[in-house]
Amino acid sequence: MVDHTPRLGLGTYEQGEQWDHTDAVEAIDAHAIVRGPIAERPATGEYDDELYHATDQGITWRWDAASDDWTYFSGRGSAEQPVPGTSHFEAAQFTHARTEETPVWNVEAHGIEGDGTTEVGQAVHDLFETVAEAGGGIVYFPPGRYLLERTPLIGDDTLVLGAGRATVLVGIRPDGENGRALLSNMGYDKPGYDGASNWGVCNVRIDSPESTGIMPAHAENVRLERIYGDRVHYHHIDVVSSKNVVIDGYWATRGGEGTSDAPVQFDSQQSGTGWNSVWDGSDDVLVADDGTPTENCTLKNFEIDPANDPDYGVHLHRGTNEGITITDGTITGCGYTAIRADPDESVADLTIDGVSCLENARGITLGHVADGRRELTVSNVTIRTADGDVAGGSGLYAAGFDGAAISNVTVDGPFTNAIIFDDMTDLKLSSVTATGADHQSFRFRENVDATLTTARAADCGTAGVYVGPGSHVAYGGVTFDDVGDEVVVDGELREWASS
């Protein structure tokens, strides 16, 4: 007979729910699954993600509405019914990480337990090696809490797939070795982009206060999707000297213990860099330090609002970083700034679009350099901090770019200055609103060549527009409301007549 226990599909796990491992396992084992022999499994499921555990097979099946079929979900199987590969996993959306023939490797079927007490890092690493030798595949981690006492290394054409927040990865590190990567890739110690390629991680939770999270290093064509970030030592995701990395769906909304200074970091391993490393179980091994730039990477569909107040939300570190896009997300609660590039760092073709930076000390801080950067686009961005005890410095600061377009941007709050630039050529600002600054709304401090059109400066203490030494600014269609002086000029200012 079929046991009609009340059911709960995996599709009901919401990103913001307070699930821990125990809750998830109890829900799945005791409340979420209909049990019975395979012969009594209904021909069709009642809803997407419905689960049915075939007691005679030892396999749990999931109803996949998209394929209109029952698909393998978990279980070791039996001698008569081995764990199969199925269309559900073969249809995973990581097209670079699978083919139609890609097999599924369930860690449970290989003796890897997510029981929260057994250290399984070496076993996971060994399984990844087996998958790589087989030409790649999908490695599935059922709900559980997996303790990784070493950094497992992912190989070519491999997708690591979990069950959402219920699949928790934890890095265990000895005293003094905190911060070594939770997951990385084979070839992290090779030059250029000769590390593993066409791999991905999807649908897992990082809760790892002793380690950094996922670290693509000297890798190419990587997709990280639906990553849930809880506690972490430095970064949930640290992209090091890699290219074509896409982070799509990332939520760092819990935080807590841990010392994260930036949940997401784009990094380049320069000569002599003493950080960014894997832990092989006994030794700390650094990423190859040949200065390979990080190129053509995207962070999208994200929310960064951790409870532990990191210094930055997204950090561009030790460039060169080139072709970085940050889009469609929200960053809240950063102690220094929401998005930062280090002073003197080489940055090229940086795009920030559709991002809200709310209640941070600063919004976007692209630290000072006199020249050498090129192509900056900031559009459809809101930077807003209401609390005067939180706001500090400038809402938006950029320096050293040849070619920059700032459009449809609002900066609002008691920042020292709302918007400030140094050493910029061919800077164009349009449809920009800057309000609430203690001093200046628009500060073209030194050596800035800019046009400012269709803008508003309001509620600032000293000047709506300041043009500093060596700066040349043409403006028109700018409105002023409750400013100390409309314009203060120590450089050259030209106003366009409006018709």
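Cut-off values and rules
Residues numbered from 1 in each chain as written. Predicted model: local features only at pLDDT ≥ 70, side-chain atom pairs only at ≥ 80, totals over all residues. Heavy atoms only, no water. Helix = DSSP H or I, 4+ residues; strand = E, 2+ residues; numbered from the N terminus. Expected span 1.5 Å × (residues − 1). Buried < 20%, exposed > 50% of the residue type's maximum accessible area, 1.4 Å probe, protein only. Arc of directions from axis to C-beta. Core = buried A, V, L, I, M, F, W, Y, C linked by side-chain atoms within 4.5 Å. Contact = heavy atoms within 4.5 Å. Phe/Tyr/Trp six-rings, centres within 6.5 Å; stacked < 30°, edge-to-face > 60°. Lys NZ or Arg CZ within 6 Å of the ring centre and 35° of its normal.

End to end, helix α3 (residues 121-133) covers 18 Å across 13 residues, agreeing with the expected 18 Å (1.5 Å per residue, within 8%). Considered for burial, the residues of α3 that qualify are Gly-121, Val-124, His-125, Leu-127, Phe-128 and Val-131. The buried side chains of α3 occupy one side of the element, clustering within an arc of 160° when seen end-on. Immediately beyond the C-terminal end of α3, within one or two residues, lies Gly-135, with a positive phi of roughly 95°.

Turning next to the nonpolar core. Counting residues in hydrophobic clusters, the biggest one holds 92 residues, and the most contacted among them are Phe-442 and Phe-444. With 10 residues, the top contributor of residues to this core is strand β31 (residues 440-467). Setting aside residues up to four positions removed in sequence, Phe-444 forms contacts with Phe-421, Leu-427, Leu-429, Ala-450, Leu-452, Val-465, Tyr-466, Val-467, Gly-468, Ser-471 and Val-473. Leu-51, Phe-73, Val-104 and Ile-138 belong to the second largest nonpolar core, which has nine residues in total.

Looking at the element boundaries, Glu-119 is found in strand β6 (residues 115-119). Under the relative-accessibility criterion, Glu-119 is labelled partly exposed at 49%. Beyond its immediate chain neighbours, meaning those up to four positions away, Glu-119 contacts Leu-147, Glu-149 and Ile-172.

Glancing now at the packing of aromatic side chains. The geometry of an aromatic ring pair is captured by the separation of the ring centres together with the interplanar angle, meaning the angle of the planes. Summed over all chains, the structure comprises seven aromatic pairs. Relative to Tyr-146, the ring of Phe-141 has its centre 5.1 Å away and its plane inclined at 85°; by these criteria the two rings are edge-to-face. Here Phe-141 matches Tyr-146 in class, with each residue buried. Sitting over the face of the ring of Trp-61, Arg-41 holds its NZ or CZ atom 5.1 Å from the ring centroid. Here the guanidinium or amino end of Arg-362 rests over the ring plane of Tyr-336, the centre of that ring lying 4.2 Å away.

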